[in-house]
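Now for the letters of each chain:
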Amino acid sequence: MKNDTTKVSLPKVAEMLEAGMHFGHRTYKWHPKMKPYIFEARKGIHIIDLEKTLSKLEQALVFIARSIAEGKTILMVGTKNQVKVQLKDMALESGVAYVVERWLGGTLTNFNIIRNSIRAYQDLVEKKESGKLEKYTKKERIQFDRRIKKLSASVGGLITLNRPPDIIFIWDIKHEETALAEAKKRRIPIIAICDTNVNPDGIEYVIPSNDDASKAVTLVLDMIKQTVLESKANAKEAKDKAVETTKE
């Protein structure tokens, strides 16, 4: 199965089953607003309707592909231990911004302050790589290294952003409630993995899925990575063709 604007192949329902995307939370932990995405309850656990998950995933990927083609930016957010390593790798490989450590309050609502921290981090990294910090004492260099490490953890994933992102992807909106609230306040379109225990109101692109299964993390993030890379490649090709046409 393929969507209308990308050549990325969507997973089969059998692959999603194998990844454990259908397992929701125990029925007593559910949020009623997730009812439309629940297939049934089995042994006290809600089972997610993967046909709906597939449809919602496709819609989200189409939106991402179209947005990237238009030059828009996306911020990937996932600080849970189950997702942070894979999300960071995916973001680095596809060249998009990410947050995998603690969310800094004001990242979206007070971006100018965050931007100052990003510049400070980039300046220190440049000075270290160019040897400009060698003139300082060993103690001072250790302090610089600690500062770089701290800034790397807090804003290192945001260096590709010159302004707030146009889209935000959140893995588990319950865990990332501050990021969710800021995105809503800034009216930034949200794509989110939503398990059966969350309120999906205000999420433009809900992807109903188990939010703890490592195979589910791999499957979804790989789809997003492929979509971003393909859209960037297509945009570059179109730009190159336009330049060639102008030269002629």
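Use the structure listed above.
Being a predicted model, the structure only gives us computed values, none of them experimental.

Novice: If you had to explain the sheet that holds strand β8 (residues 205–208) to someone new, which residues and values would you point to?
Specialist: If you trace the 5 strands from one edge of the open sheet to the other, you get β5-β4-β6-β7-β8, paired in parallel fashion. With partners counted over all chains shown, the strands left at the sheet margins are β5 (97–99) and β8, one partner each. Taken over all neighbouring pairs, the strand axes of this sheet differ in orientation by 15 degrees on average, direction set aside. Here strand β6 (residues 167–171) pairs with strand β7 (residues 190–194) via 4 bridges, running parallel. The partner of Phe169 across the bridge, within β7, is Ile191. Each of β4 (74–77), β6 and β7 touches helix α6 (residues 177–185); the most contacted strand, β6, lies at about 155 degrees to it.

Novice: Mind laying out the sheet that holds strand β1 (residues 23–26), listing which residues take part and the relevant values?
Specialist: Ordered by their spatial adjacency, 3 strands build an open sheet running β1-β3-β2, and the pairing between neighbours is antiparallel. For this open sheet the edge positions go to β1 and β2 (38–42), each flanked by a neighbour on one side alone. When strand polarity is set aside, the average angle formed by the axes of neighbouring strands in this sheet is 30 degrees. In this structure, β2 lies alongside strand β3 (residues 45–48), joined through 4 bridges in antiparallel fashion. For Ile38, the partnering residue across the bridge sits in β3 and is Ile48.

How each quantity is defined
- Residues numbered from 1 in each chain as written.
- Predicted model: local features only at pLDDT ≥ 70, side-chain atom pairs only at ≥ 80, totals over all residues.
- Heavy atoms only, no water.
- Pairing = 2+ DSSP bridges.
- Helix = DSSP H or I, 4+ residues; strand = E, 2+ residues; numbered from the N terminus.
- Axes fitted to C-alpha atoms, helices over the stretch in contact; angles between N-to-C directions.
- Contact = heavy atoms within 4.5 Å.

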